[in-house]
Amino acid sequence: MFDGDFGNPASSSHVFGWEAEEHVENARVQLAELLHADPLEIVWTSGATESDNLALKGLADHYGAGHIVTSSYEHKAVLDTCKYLESKGFRVTYVVPDAAGLVQPSAVAAALEDDTFVVSVMHVNNEIGVVNDIGEIGRICRENQVFLHVDAAQSVGKVPLDVGAMNIDMLSISGHKIYGPKGIGALYVRRSGNIPLKAIIHGGGHERGMRSGTLATHQIVGIGVAASICSDELDREAPRLLQLRERLWSHLKQIPNVSLNGSETHRIPGLINVGFSGVDGEALLMALDDVAVSSGSACTSATVEPSYVLRAIGVEDSLAAASLRFTVGRFTTEEEIDFVGMRVADVVQTLRAQRDVAASI
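Every value quoted in this text rests on a predicted model; they were computed, and no experiment measured them. (Residues numbered from 1 in each chain as written. Predicted model: local features only at pLDDT ≥ 70, side-chain atom pairs only at ≥ 80, totals over all residues. Heavy atoms only, no water.)

Participant: Could you give me a rundown of the overall build of the protein chain, with the residues and numbers involved?
Facilitator: The number of helices and strands found in the protein chain is 10 helices and 10 strands. For 361 residues, the compact-globule estimate of 2.2 N^0.38 gives 21 Å, and the C-alpha radius of gyration of the protein chain, at 22 Å, lies within 12% of that figure. In terms of overall dimensions, the protein chain has a C-alpha envelope of 80 × 50 × 30 Å along the principal axes. The buried share among the 361 residues of the protein chain stands at 53%. In the protein chain, of all internal contacts separated by at least 6 residues, the share reaching a separation of at least 24 is 71%. Per element, the accessible surface of the protein chain, about 16100 Å² overall, is 53% carbon and sulfur. The distance from the centre of the 28 positive side-chain charges to the centre of the 46 negative ones in the protein chain is 3 Å. (Helix = DSSP H or I, 4+ residues; strand = E, 2+ residues; numbered from the N terminus. Rg over C-alpha atoms; globule rule 2.2 N^0.38 Å. Buried < 20%, exposed > 50% of the residue type's maximum accessible area, 1.4 Å probe, protein only. Contact = heavy atoms within 4.5 Å. Areas by Shrake-Rupley, 256 points an atom, 1.4 Å probe, with all protein chains shown as cover. Lys, Arg positive; Asp, Glu negative; His and termini not counted. Charge placed at Lys NZ, Arg CZ, Asp CG, Glu CD.)

Participant: Which residues make up the packing of aromatic side chains, and what values go with them?
Facilitator: Counted according to the given criterion, the structure contains three aromatic pairs. Centroid distance Phe90 to Phe117: 5.9 Å. Interplanar angle 65°. Geometry classified as edge-to-face. Of this pair, Phe90 sits in the loop between α3 (76–87) and β3 (91–95) while Phe117 sits in strand β4 (residues 116–120), and the two are 27 residues apart along the sequence. In this structure Phe90 comes out as buried when scored by relative accessible area, which is 8%. Each ring, one from Tyr179 and one from Phe331, has its centre 5.6 Å from the other, and the planes form 90°; the classification is edge-to-face. (Phe/Tyr/Trp six-rings, centres within 6.5 Å; stacked < 30°, edge-to-face > 60°.)

Participant: Before we move on, can you summarise the environment of Val221 with the specific residues and values?
Facilitator: With respect to the secondary-structure elements, Val221 resides in helix α6 (residues 217–252). For the pair formed by Val221 and Tyr188, sequence separation is 33 residues and the distance between their alpha carbons is 17 Å.

Participant: For unusual backbone geometry, give the residues involved together with the corresponding values.
Facilitator: A positive phi angle is found at Asn167, which is not glycine, with a value near 60°. Relative to the assigned elements, Asn167 resides in the loop between β5 (147–151) and β6 (170–174). The phi angle at Asn257 is positive, at roughly 55°, despite the residue not being glycine.

Participant: How would you summarise the packing of α6 against helix α10 (residues 334–360) if you had to cite specific residues and measurements?
Facilitator: Between α6 and α10, the shortest axis-to-axis distance is 9 Å and the interhelical angle comes to 20°. Relative to α10, α6 is oriented roughly parallel. Where α6 crosses over α10, the handedness of that crossing is right-handed. On the side of α6, the interface is formed by Gln243, Leu244, Arg247, Leu248, His251 and Leu252, while α10 contributes Glu334, Ile337, Asp338, Val340, Gly341 and Val344. Residues that form the contact of α6 with α10 fall into these classes: six nonpolar, three polar and three charged. (Axes fitted to C-alpha atoms, helices over the stretch in contact; angles between N-to-C directions. Parallel < 35°, antiparallel > 145°, perpendicular 65-115°, else oblique. Left-handed = near helix turned anticlockwise from the far one by under 90°. Nonpolar A, V, L, I, M, F, W, Y, C, P; charged D, E, K, R; others polar.)

Participant: Tell me about the nonpolar core, and name the residues and values.
Facilitator: Ranked by size, the top nonpolar core spans 55 residues in total, and within it Leu31, Leu35, Trp44, Val119, Ile168 and Leu171 carry the most contacts. When near neighbours in sequence (up to four residues on either side) are disregarded, Leu171 contacts Leu35, His149, Val150, Ala152, Val156, Leu161, Val163, Ala186, Leu187 and Tyr188. (Core = buried A, V, L, I, M, F, W, Y, C linked by side-chain atoms within 4.5 Å.)

Participant: Now, about the pairing of strand β2 (residues 67–71): what can you tell me, with residues and values included?
Facilitator: Within β2, five of the five residues are buried, leaving the element largely enclosed by the surrounding structure. Alternating positions in β2 separate into two faces, His67, Val69 and Ser71 on one and Ile68 and Thr70 on the other, with burial throughout. Following the backbone out of β2, through α3 and into the adjacent parallel β3, one traces a crossover that is right-handed. One ladder, built from four bridges, connects β2 with β4; its direction is parallel. By the bridge assignment, Val69 is partnered in β4 with Val119. (Right-handed = clockwise from strand over helix to strand, strands pointing away. Pairing = 2+ DSSP bridges.)

Participant: Describe the sheet that holds strand β9 (residues 271–276), listing the residues and the values that go with them.
Facilitator: The three strands are arranged β8-β9-β10 in an open sheet whose pairing can be described as antiparallel. Every interior strand has two partners, whereas the edge strands, β8 (258–260) and β10 (323–327), have only one. The mean inter-strand angle of the sheet, taken between neighbouring strand axes irrespective of direction, is 30°. Alignment of β9 against β10, held across five bridges, turns out to be antiparallel. Note that in β10 the partner of Asn273 across the bridge is Arg325. Here α6 sits on the sheet and contacts β8, β9 and β10; the angle it forms with β9, its principal contact strand, is near 10°.

Participant: A description of the pattern of salt bridges should follow, citing residues and the corresponding values.
Facilitator: Across all of its chains, the model carries 18 salt bridges by this definition. Note that Arg28 is salt-bridged to Glu207, the shortest N-O span being 2.9 Å. Within this pair, whereas Arg28 is found in helix α1 (residues 15–35), its partner Glu207 is found in the loop between β7 (185–189) and α6, the two being separated by 179 residues in sequence. A relative accessible area of 3% means that Arg28 is categorised as buried. Two residues, Lys83 and Glu86, come together in a salt bridge whose shortest N-O distance is 3.7 Å. Highlighted residues: Lys83 and Glu86, both in helix α3, separated by three residues, approximately one helical turn. By relative accessible area, Lys83 is classed as partly exposed at 48%. (Salt bridge = Lys/Arg side-chain N within 4 Å of Asp/Glu carboxyl O.)

So this is what it looks like as structure tokens:
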């Protein structure tokens, strides 16, 4: 058990460094087991945002020019990185998801060009929870000799993942998404793919030259333990979360004029995004001050614009602005689900009544 060893895992000349390195490598094994990967394919980072940057900028730095394919509803860590690469002369195609919120493999295939060197498509969308067919997208990429990067921050530990079977070349992970510490993550990099990934952080050549910097041993131990718990509990936890999500949806869909954003079937167990027509979105969110709910991802929650994810799947601005993301997790109870269902119904009814009164004056 980790008990406060303070050595630098990169220090190979004394026992304190050896002990710290042992903890780091044990965590590497634990995370690799969750992904069905080789431990040597795990590169420690500060989180999925850094992993996304390393995957895309690291490849782009090698190629110098060329074409990238991604989707229009990726996390900002991918979209902003692609915008940056466009400013450096790279061409980027943004595949639009369908009305169910899915990035169709056929659309990815149609977007490929002769000089496409990487496709980046998220496994699970962080706002609407839909699950893309990464296995089929991976097959298409492998057949066309194009690297596939997957932002899997929302899917690791929630749905089964086998990076080899899915033909994934690089995959981004955040520790806090699996109840590990914040500020730690990883990038899976397939060893057998001869991926010409160049470092974007220099200063010592750590992590086999892909990510320099003293490793955060305590955080790495945390993500390793979290990954181990996910491996042990995934088969039991996923059905429990699905039952809670369906219980919540059974409450919410009884409210008149509500809609589920994204596919009802192709989604992770613990997340739904629901639109409440005829309600001011900001008023709805403020009225639910006793419920931990959001109108989008945490990375864009400070904005007042309708969700770009919902816009990307064709949701009208008025409904997108009145849509909420509900997430259930490891510590959510049935009592909390029932409370939220009734609370939202009461607030929506009150806001609609106030609207009707105002309109009649």
